[in-house]
2 protein chains.
Amino acid sequence: MPATSRPTSKDVAHEAGVSQSTVSLVLGGKWSGRISPATAASVREAAERLGYRPNQAARNLRLGTTRTVLLMVPTLTAPFFGPVHTGAVRVAARHGFGVVAYVWPDDAAGPAGSPFAAPREAIDGILASSMEVEALAEFRGTPAVMLDSDPSGPVPTVGFGVAEGMRSIAAHLVGLGHRRIGHVAAAVDQWTFRARAEALAAVTARAGGTLTRAACAIEVGAARDAAARLLAGPDRPTALVCDDDLIAAGAYKAARALGLDVPSDLSVTGFDDVLLATALEPELTTVRLPAEELGARGMEALLELLDGGRPARRVLRGRLIVRGSTAPPPRAEGRVEREAGV
Amino acid sequence: MPATSRPTSKDVAHEAGVSQSTVSLVLGGKWSGRISPATAASVREAAERLGYRPNQAARNLRLGTTRTVLLMVPTLTAPFFGPVHTGAVRVAARHGFGVVAYVWPDDAAGPAGSPFAAPREAIDGILASSMEVEALAEFRGTPAVMLDSDPSGPVPTVGFGVAEGMRSIAAHLVGLGHRRIGHVAAAVDQWTFRARAEALAAVTARAGGTLTRAACAIEVGAARDAAARLLAGPDRPTALVCDDDLIAAGAYKAARALGLDVPSDLSVTGFDDVLLATALEPELTTVRLPAEELGARGMEALLELLDGGRPARRVLRGRLIVRGSTAPPPRAEGRVEREAGV
DNA sequence: CGGGTGAAGTCATACGTAGTACTCGACGCA
DNA sequence: TGCGTCGAGTACTACGTATGACTTCACCCG
C-alpha cells in the first residue's frame, strides 16, 4: 500500500470548482469545443497545484489496456540483450508504455510452470527477441513482434541482415586468401544461426573453399573446446568464423593453447560487436549489429501493431568491422589488401 | 486493446451457478467456514474450464496496489546489471510481482524530463542499484531498497562487502610481494567506489607500500589511457588494481602497448568477475560479486518492506578468485605462494 | 416572442474485483 | 413455540477514470 494516498481527479475537480468529468476531459485533451479555455486553464492549474497524477490502475481498467509490453529475451546476462532492452524501453517510454522484461529461465523449456511466470494478464503486447515463434504459443491472441527471427513466420518481425553480415565476413576472409575455414557455430536451433550457417556455406562453396564445423554452447569454455576440435583436425583451418563474439573469445583461447598467433597463424571473426570485441587482444574483426536500434525499431513496430496498423518489416543492416584478428593466411597465395567496408 | 475479451469473475459465477462474490471469495482463498467445500470445488472447476484469469487492472484498482516494482539501474549494457535484474525478477515473480526496469539515461542527470520517464504512477516500490540516495528524491514516499550503496543512509540497503573484497585483493598482492600499487579507479562518485578506494589505501599503507591513482570512465578505452598514465610515471607500479573488470581489460591493453607481460612484468586485478574476466588472456584475478543474488536478496528485502516489515540488512560477501593475471613482481623480494581463498 | 442552435458543462454509468454487511434457512435449546 | 446461533451464500458498494447522453443557458433569427 502506497504511503500517501494521492489526489484523484475528484480532488482536482473540487479544487477547480468543476466536475470530475470536466477534469477528465481537460486532462485527456478531448475538450476542444466543449470546455472553455479559461476553465481548462484553471483545471490544469489546480492539477498542477495538487500534483495530480492519474491513477494508472483506474485508467487501465476503464480503457481495457495496460500500457505495458512484455519483452522476452533469452537472457540479460549475455552482453547482447541489455542494449536491446534499453532501446525498447526508450521508445516505449516515449509513448507512455512500460516494459516488463521476461528472461527465459535456464531450467525450463518455456515460460510455463517456471518461477518466472510471465505476467501475462497485464500486458498489451509482446516483443520477443531471438526466439522461435513457438515460444509465443501460450500467448496466442496477444499482439507480438519478433526480433531477429524467421521473417517467414506468422508474426511480424524486425531483424538484422544476418545473412548479409555473414556474407561480408566470408567475403572478407576469402578476399584475404583463406580457403580452409572453420565454423564455430552456436549449438542453438534458432533462425538467426541457421541463416548465418547457410550464408557462410554459400560463400565458401562459391570460392571453392572447404568448410568444417563444430557446434558449442554460447559460452567461452565450450567455445574453446569446439575451436580446439576444429584446429586439431587434419587440414587445419586458417580462419575460424564464430557465430558470436563470446565464441570468438573461446577461439582465441584454443589458438593460444596451440601456440598459434592471432592473426598471423589464424584469423578469427566474431559476430555482434559487443563490448568484449574491443577488450580482446587483438581486437576482434566482427559484424556490428545495432542491438539498441533493434529494440527501438521492434518496439515501434509493436506500437504500430497495437494501434491497429500493420507494421512494415524492418531489416537493420549489420556492418563489417575489420580489426586486428584477421590477416592473410600463412603462406598466402591470395590477395592481401584489407577492406574496410562491406 | 486486447484481441479476445477474457472471461471475468462474473462469467465464472454464471458458469458455476453462484454469485460473483462467491467466486471472488473462493479464488481469493478467504472462504474457510463461509463457503462449502463442494461449492468451492465447483467454482474452481468452472474457473479452470473457462480459463479465467483475474483482471490485474481491476485488482490493482480495488486493492490500491500494482504488484509492480521499479528496478533502477545505471545501465543494462555493462555486464554487471543483467544478472542483478535476473535475480530480482526471479524473486519478484515468485511473489506475483512484476519488475519494470528503468535505465538511467546517458544524457540526463536524473530521471526527470528524460525520454525514459519512469512510470512512477504504477509502482509499489523501488529497487535502486548502485546509485546515490538523492536519485530517489522525486520518488519520496515510495518504499525503496538500495543495492550496493551507502548503508548509513536513510534507506534500507542490501550490499556487498566491497571493502572486504578490496582488502582481500590488496592482501593478495601484498602477499605476493607488491609494494608499488597503482589504482585505476572508476571516475564515478558512488559509495561503492569510495569504499573500494579507502580499503585499498588502508591495506597498502599498512604494508608500507605506495599507492598511485588515476581515474577514468568505466570503459575500455578510457581505462587504457588511465592505466598508461600510471605506468608512465617514475616509480612504475608493479601491480594495477582496477575498480572493475572492464577497467582491467583496459589495463591489459596499456600493458601490452608498453611491451609489459601480464603477469610476469605487471599484475592486474579486476572487480566483479563478469563474463569478461575469463575471456581475457590471461584470465583475470578478481573479486566475484554475486550479482544475481544481490538482485534476489534486494527484492526480498523490498517485498518485506512492502509487507510492512523492517528488512534486516543483508551483506553479501565477495570472494577473491585468483587466476592468471597476478604473480610476484619482477625481482620480487616478497613471498611467492599463491593463496586460493580470501 | 417562440423555437432553434451552439457552447459549456454535468450526470450517470461501466470497467472487474474484493470484501463488508446483509439475508435466509435450519437447527438447538429452553 | 420462540429465540438465538450458526452455516452458507448473496447484494451491494467502492476503487478512479473516461465518455456518451443529457442539461442549461444565452443568443439569434424569422
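Note that residues are indexed from 1 along each chain, following the sequence as it is written. As a convention, the first chain written is A and the first ligand written is 1, with the rest following in written order. Per-residue local features of the predicted model are confined to residues with pLDDT of at least 70, and side-chain atom pairs are confined, for both listing and counting, to 80 or more; whole-chain, interface and lining totals are unaffected and use all residues. The side-chain quantities take in all heavy atoms of the structure and omit both hydrogens and water.

Visitor: Give me the lowdown on the UniProt feature "domain: HTH lacI-type" (unreviewed entry) in chain A, citing residues and values where you can.
Guide: UniProt positions are given in the numbering used here, feature names are shortened, and annotations may be inferred rather than shown by experiment. In the numbering adopted here, UniProt assigns the feature "domain: HTH lacI-type" (unreviewed entry) to residues 7-63 of chain A. A run of H or I in DSSP becomes a helix once it reaches four residues, and a run of E becomes a strand once it reaches two; helices and strands are each numbered from the N terminus. Secondary structure over residues 7-63 of chain A splits into 68% helix and 0% strand, and the C-alpha atoms at its two ends are 20 Å apart.

Visitor: I'd like to hear about the relation of the copies chain B and chain A, residue by residue, with values.
Guide: Copy-to-copy superposition: least squares on the C-alpha atoms, limited to residues that have pLDDT of at least 70 in both copies. Laying chain B over chain A is done by rotating through 180 degrees and shifting 0.0 Å along the axis; what remains is an RMSD of 0.1 Å. Each copy turns onto its partner about a two-fold axis. Whether two residues are in contact is decided by their heavy atoms: any pair within 4.5 Å suffices. Most of the interface of chain B is mirrored in chain A, where 100% of its interface residues again form contacts.

Visitor: Explain the protein's contact with DNA strand C residue by residue, including any values.
Guide: Near, as used in this document, describes a residue that has one of its heavy atoms within 4 Å of the molecule or strand being considered. Among the 25 residues in the neighbourhood of DNA strand C, the closest are listed as A:Ser21, A:Thr22, B:Ser9, B:Tyr52 and B:Arg62. Within 4 Å of the protein, atoms of DNA strand C come from sugar and phosphate in 56% of cases. Pairing of N or O atoms within 3.5 Å defines a polar contact, subject to two protein rules: one partner must be a possible hydrogen donor and the other a possible acceptor, and residues neighboring in sequence count only if both atoms are side-chain atoms. A:Thr39 is positioned with one of its side-chain polar atoms (N or O) 2.6 Å from a phosphate oxygen of DNA strand C. If one sorts the elements of the surface near DNA strand C by residue count, helix H4 (residues 56-63) of chain B sits on top with 4 residues. Residues that form the surface near DNA strand C fall into these classes: 8 nonpolar, 11 polar and 6 charged. Polar here means any residue outside two lists: the nonpolar Ala, Val, Leu, Ile, Met, Phe, Trp, Tyr, Cys and Pro, and the charged Asp, Glu, Lys and Arg; Gly therefore counts as polar.

Visitor: Kindly report on the nonpolar core, identifying the contributing residues and their values.
Guide: Within the largest apolar cluster, 156 residues are counted, with the highest numbers of intra-cluster contacts made by A:Val184, A:Val268, A:Met299, B:Val184, B:Val268 and B:Met299. If we skip the residues at most four places from it in the chain, A:Met299 touches A:Val69, A:Ala88, A:Val91, A:Ala92, A:Val99 and A:Leu127. Here, the term nonpolar core denotes a set of buried Ala, Val, Leu, Ile, Met, Phe, Trp, Tyr and Cys residues that are joined through side-chain atoms within 4.5 Å. Categorising residues by exposure relies on relative accessible area from a 1.4 Å probe, with only protein chains included: less than 20% of the type maximum marks a residue as buried, more than 50% marks it as exposed, and the intermediate range marks it as partly exposed. Counting 30 residues, the second-largest nonpolar core is a separate cluster that includes A:Tyr102, A:Ile126, A:Ala128 and B:Ile123.

Visitor: Any details on the pairing of strand S5 (residues 157-160) of chain B? Residues and values, ideally.
Guide: All names here are of chain B. Every second residue of S5 is oriented toward a common face, with Thr157 and Gly159 on one face and Val158 and Phe160 on the other, all of them buried. Bridging between strand S4 (residues 144-147) and S5 involves 2 bridges; their strand directions are parallel. Looking at the pairing, Met146 lines up with Thr157 of S5. We call two strands paired when DSSP finds no fewer than two bridges between them. Pairing geometry for S5 and strand S11 (residues 314-316), over 3 bridges, is parallel.

Visitor: Lay out the packing of helix H1 (residues 9-16) of chain B against helix H3 (residues 37-50) of chain B with the relevant residues and their values.
Guide: Residue and element names in this part refer to chain B. Axis lines are fitted through C-alpha atoms, for helices just across the contact stretch, and the angle between N-to-C directions can take any value from 0 to 180 degrees. Between H1 and H3, the least distance of the axes is 9 Å, while the angle of their chain directions is 120 degrees. Of the possible angle classes, the one that applies to H1 and H3 is oblique. Where H1 crosses over H3, the handedness of that crossing is right-handed. The segment H1 lies against H3, with Asp11, Val12, Glu15 and Ala16 engaging Ser42, Val43, Ala46, Ala47, Arg49 and Leu50. Split into classes, the residues belonging to the contact of H1 with H3 amount to 6 nonpolar, 1 polar and 3 charged. Relative orientations are named as follows: roughly parallel for angles under 35 degrees, roughly antiparallel for angles over 145 degrees, roughly perpendicular for angles from 65 to 115 degrees, and oblique for any other angle. Crossing handedness is read from the near helix: turned anticlockwise from the far helix by less than a right angle, it gives a left-handed crossing, and turned clockwise, a right-handed one.

Visitor: I'd like a description of the protein's contact with DNA strand D, backed by residues and values.
Guide: Residues in contact with DNA strand D amount to 26 residues; listed here are only the nearest, A:Ser9, A:Tyr52, A:Arg62, B:Thr22 and B:Ser36. Each atom of DNA strand D within 4 Å of the protein was classed as base or backbone; sugar and phosphate made up 55%. With respect to DNA strand D, the side chain of A:Arg59 contributes an N or O atom lying 2.6 Å from a phosphate oxygen. One of the backbone N or O atoms of B:Ser36 is found 2.6 Å from a phosphate oxygen in DNA strand D. Within the residue set of the surface near DNA strand D, elements represented by two or more residues are helix H2 (20-28) and helix H4 (56-63) of chain A together with helix H2 (20-28) and H4 of chain B. Within the surface near DNA strand D, the residues separate by chemical class into 8 nonpolar, 12 polar and 6 charged.

Visitor: So what's going on with the pairing of strand S1 (residues 68-73) of chain A? Which residues, and what values?
Guide: Residue and element names in this part refer to chain A. With 6 of its 6 residues buried, S1 lies for the most part within the structure. The alternating pattern of S1 places Thr68, Leu70 and Met72 on one face and Val69, Leu71 and Val73 on the opposite face, and all of these are buried. In terms of strand pairing, S1 meets strand S2 (residues 98-103) through 6 bridges, oriented parallel. When the sheet's bridge partners are listed, Leu70 is paired in S2 with Val100. Handedness rule for crossovers: strands pointing away from the viewer, path from the first strand over the helix to the second running clockwise, crossover right-handed. One crossover worth recording links S1 to the parallel S2 by way of helix H5 (residues 81-94), and it is right-handed. In terms of strand pairing, S1 meets strand S3 (residues 125-129) through 4 bridges, oriented parallel. Note on S3: the bridge partner recorded for Leu71 is Leu127.

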